[in-house]
Structure formats: C-alpha cells, structure tokens
Amino acid sequence: MALPQGVRCFVCANGNPVDPALRYVLEESLSEFLVAVGRALGLQARRCFTRHGGEIEDVGLVMHNEVLFV
C-alpha cells in the first residue's frame, strides 16, 4: 500500500481537540485545503490555526505531524 505524498497533519474543529482527523496536505492552495478539511470534518472551514494560535495562510507552512484547528 502506497502512502500519500504530502505533509501529514491532524485537523480538529475549533474547540474540539478530542478526536483529530489524520490528513495529508495534498492541495496546492489554502482554499482547496480548507474545502477538503471542511468536507472531512463536516463543517465549513474558513480559517486554519496551529495549536499555538498562529494562523496558517499558506499550505506550505503546515509542518509534519502538526495539529491544526479549523
């Protein structure tokens, strides 16, 4: 089984860090990533933050194994 290419991260709905979803950043733009993450979490994702409160404004800024809140 081939693993997806891309940075591995974990995404959570804002305020619900209990059950993060594993996600690989395969998209080239933040808007595409937010649509995919929103679909996976069942919400409309508009913004994305690190666990320390920094806003992700480019998918190239997502670090391997990072926990993100949308």
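Preceding this section is the structure that the text describes.
As the structure is a prediction and not an experimental result, all values here were calculated from the model.

How each quantity is defined
- Residues numbered from 1 in each chain as written.
- Predicted model: local features only at pLDDT ≥ 70, side-chain atom pairs only at ≥ 80, totals over all residues.
- Heavy atoms only, no water.
- Core = buried A, V, L, I, M, F, W, Y, C linked by side-chain atoms within 4.5 Å.
- Buried < 20%, exposed > 50% of the residue type's maximum accessible area, 1.4 Å probe, protein only.
- Helix = DSSP H or I, 4+ residues; strand = E, 2+ residues; numbered from the N terminus.
- Contact = heavy atoms within 4.5 Å.
- Disulfide = S-S within 2.5 Å.
- Salt bridge = Lys/Arg side-chain N within 4 Å of Asp/Glu carboxyl O.
- Pairing = 2+ DSSP bridges.

Trainee: Describe the nonpolar core, listing the residues and the values that go with them.
Mentor: Counting residues in hydrophobic clusters, the biggest one holds 13 residues, and the most contacted among them are C9, F33, C48 and L68. Of all the elements in the fold, those that place two or more residues in this core are β1 (7-13) and α1 (30-41). Take this core: its biggest share by element is 3 residues, from α1. The residues touching C9, leaving out its near neighbours within four places in the chain, are A21, L22, R23, V25, F33, V62, N65, E66 and L68.

Trainee: An account of unusual backbone geometry is needed here, citing residue identities and associated values.
Mentor: As a rule of thumb, non-glycine residues mostly have phi less than zero, and peptide bonds are mostly trans rather than cis. We note that N65 has phi near 65 degrees; this positive angle belongs to a residue other than glycine. In this fold, N65 is placed in the loop between β3 (49-50) and β4 (66-69). The class of N65 is partly exposed, set by a relative accessible area of 32%.

Trainee: Can you break down the state of the cysteines residue by residue, with the values?
Mentor: Per the counting criterion, the structure on display carries 0 disulfides. Counting only cysteine sulfurs, C9 is the nearest neighbor of C12, a cysteine outside any disulfide, at a range of 9.8 Å.

Trainee: Help me get a handle on the pattern of salt bridges, residues and values and all.
Mentor: Evaluation of the coordinates by the stated rule reveals 2 salt bridges. We note a salt bridge from R23 to E27, for which the minimum N-O separation is 2.6 Å. Neither residue differs from the other here; R23 and E27 are each classed as buried. Close ionic contact of R47 with E55 constitutes a salt bridge, the shortest N to O distance being 3.1 Å. Residue R47 is classed as partly exposed on the basis of its relative accessible area, which comes to 47%.

Trainee: Tell me about the pairing of β4, and name the residues and values.
Mentor: On β4, burial covers both faces: E66 and L68 on one face and V67 and F69 on the other are all buried. With 4 bridges joining them, β1 and β4 adopt parallel strand pairing. Note that in β4 the partner of F10 across the bridge is V67. Two strands pair when backbone bridges link them, and β3 and β4 are joined in this way by 2 bridges, in the antiparallel orientation. Paired with T50 across the bridge in β4 is L68.

Trainee: Which residues make up the environment of L34, and what values do they have?
Mentor: Within the secondary structure, L34 sits in helix α1. Here the alpha-carbon distance between L34 and R47, two residues 13 residues apart in the chain, equals 7.3 Å.

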